[in-house]
Amino acid sequence: MTTRDVTSWRAVAAATGAADRTAAEDGIRLAYRTAGLTEPARFVWADSPRAAVEAVEQLDGAGKSVREEVRTRPWAHERRSTYDALGAMGWAARWSATGAQLWDTTSALAERIRAGVVAELAGKSGDETAVRLVLLDAVLGQHDAAWLAAFEESERLAGLAQVARNAGWWWPYENAVVVAERPETLHRDEAGRLDRADGPALAYRDGFALHAWRGMPVPAAFLEELGSLTPQRIREEANAELRRVMLEHFGYDRYLEESGAEPVHRDETGVLWRVPLPGDEDVVMVEVVNSTPEPDGTHRTYWLRVPPSTRTAKDGVAWTFGLGGEEYAPLRQT
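About the thresholds
- Residues numbered from 1 in each chain as written.
- Predicted model: local features only at pLDDT ≥ 70, side-chain atom pairs only at ≥ 80, totals over all residues.
- Heavy atoms only, no water.
- Phe/Tyr/Trp six-rings, centres within 6.5 Å; stacked < 30°, edge-to-face > 60°.
- Helix = DSSP H or I, 4+ residues; strand = E, 2+ residues; numbered from the N terminus.
- Buried < 20%, exposed > 50% of the residue type's maximum accessible area, 1.4 Å probe, protein only.
- Core = buried A, V, L, I, M, F, W, Y, C linked by side-chain atoms within 4.5 Å.
- Contact = heavy atoms within 4.5 Å.
- Pairing = 2+ DSSP bridges.
- Lys, Arg positive; Asp, Glu negative; His and termini not counted.
- Salt bridge = Lys/Arg side-chain N within 4 Å of Asp/Glu carboxyl O.
- Expected span 1.5 Å × (residues − 1).
- Polar contact = N/O pair within 3.5 Å; in protein donor to acceptor, adjacent residues only side chain to side chain.

Caption draft 1: The packing of aromatic side chains, seen in detail. Applying the stated criterion across every chain, the model contains seven aromatic pairs. The interplanar angle of 25° and the centroid separation of 6.3 Å between the aromatic rings of Trp91 and Trp95 together place this pair among those described as stacked. With Trp91 and Trp95 both in helix H4 (residues 67-97), this residue pair falls four residues apart, about one helical turn. On the basis of relative accessibility, which here comes to 24%, the residue Trp95 falls in the partly exposed class. Counting every residue linked through ring pairs, the aromatic cluster contains Trp91, Trp95, Trp103 and Phe151.

Okay, structure coming up:
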């Protein structure tokens, strides 16, 4: 598989906007035929995985789930055949060059969607187990991109691949299939984690959405106040994880400046600052000045967050280089 092929599957996993319903339904029919099943009699489209779970719960006469026949067995057979043909090392190399490059981000995203669906629907019905059981019947469509990338040329998986390229999650039953649209928006950081400060990081057309800051789930109302934070509001936040999000958004250096922090140590490397936070570890940072001037002749100041156990500025700067204070002796500071 070429880099371009992996890139195309990465785009599938991150695709947003309306599904190509005709192409997706054709892919589902192909997947049924490949599995030796009669094509489904009807398709039910839903605007999100949440709505799809609700649609599944209301299906009448759909018959039993055929996920095992349509998705699990073909995948297992293809993997076994590929492993036998390539051997252990060859299979490891194939996976490393294909699916492994997409696995972490796509599996994490799918798990977040599951958690969001469970949180909303179990809260309405009070039956978390029932919601989770419906989710177990889902084929993940575009979010199966990681393992589909490893079998780009497989005829056995061609139907599944066609659905993945054109739609979101889907639920296959004997007589009916429920298919979810893809999200309308998706925002991620450089590490592939859900991330957005001014709205939902993932949103579907029916309003089902996930809010996150650098991968951490946060309430929608929490994001709305990030633009008006003060040091006092940050200190008053009881949830330590949300307080860290506030600090990252507000800026540690700004927090130190506006909270009236006092330096606790100075030496030739910089200034060490410490601010206690109730119920959490102290914020400890080293202020250093770049000895190399900027084009305009000024010297830029940097703030480096260091472990709470740091006692001197030199120890803090050394830690950023993976050294102990006694080992750190730069010939020239930059």
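What follows continues from the structure just given.
Caption draft 2: Examining the nonpolar core more closely. In terms of nonpolar packing, the biggest core is built from 34 residues, with Ile113 and Trp171 touching the most fellow members. Residue assignment for this core shows that the elements contributing at least two residues are helix H3 (49-57), helix H5 (100-125), helix H6 (128-136) and strand S3 (176-180). Residue contributions to this core peak at seven residues, all from H5. Filtering out sequence-adjacent residues up to four positions away, Ile113 remains in contact with Pro49, His143, Trp169, Leu202, Tyr204, Phe208 and Leu210.

Caption draft 3: Inspection of the pairing of strand S11 (residues 283-289) at higher detail. The buried count for S11 comes to five of seven residues, which makes it a mostly enclosed element. In the sheet, strand S10 (residues 270-275) pairs with S11 via five bridges, with the strands oriented antiparallel. Paired with Leu272 across the bridge in S11 is Val286. Across five bridges, the pairing between S11 and strand S12 (residues 301-305) is antiparallel. Counted as the bridge partner of Val289 is Thr301 from S12.

Caption draft 4: Region of the structure containing the side chain of Arg67. If you trace the backbone, Arg67 turns up in helix H4. No salt bridge is formed by the buried Arg67; its nearest oppositely charged neighbour, Glu68, is found at 6.0 Å. Not counting residues up to four positions away in its chain, the partners in contact with Arg67 are Thr72, Leu136, Asp137, Ala138, Val139 and Pro172.

Caption draft 5: Broad picture of helix H2 (residues 21-34). With 14 residues, H2 ought to run about 20 Å at 1.5 Å a step, and its terminal C-alpha atoms sit 20 Å apart, in line with that. Of all the residues in H2, the buried ones are Ala23, Ala24, Glu25, Gly27, Ile28, Ala31 and Tyr32. Packing partners of the buried residues in H2 comprise strand S1 (42-46), H4, helix H8 (158-166), strand S2 (170-172) and S3. Phi turns positive, to about 80°, at Gly36, one or two residues after H2.

Caption draft 6: Quick look at unusual backbone geometry. Its identity as a non-glycine residue notwithstanding, Arg214 has a phi of 50°, on the positive side. Mapped onto the secondary structure, Arg214 falls in the loop between strand S7 (212-213) and strand S8 (216-217).

Caption draft 7: Inspection of the environment of Ala201 at higher detail. Take Ala201: it is sitting in the loop between strand S4 (185-186) and strand S5 (202-203). Ala201 gets classed as buried once you look at its relative accessible area, which sits at 0%. For the pair formed by Ala201 and Glu268, sequence separation is 67 residues and the distance between their alpha carbons is 43 Å. If we ignore the near neighbours within four places in the chain, the residues touching Ala201 are Thr185, Leu186, His187, Leu194, Asp195, Arg196, Leu210, His211 and Ala212.

Caption draft 8: How the structure looks around the side chain of Thr98. Tracing the backbone shows Thr98 in the loop between H4 and H5. There is a polar contact of 2.6 Å between the side chain of Thr98 and the backbone oxygen of Arg94.

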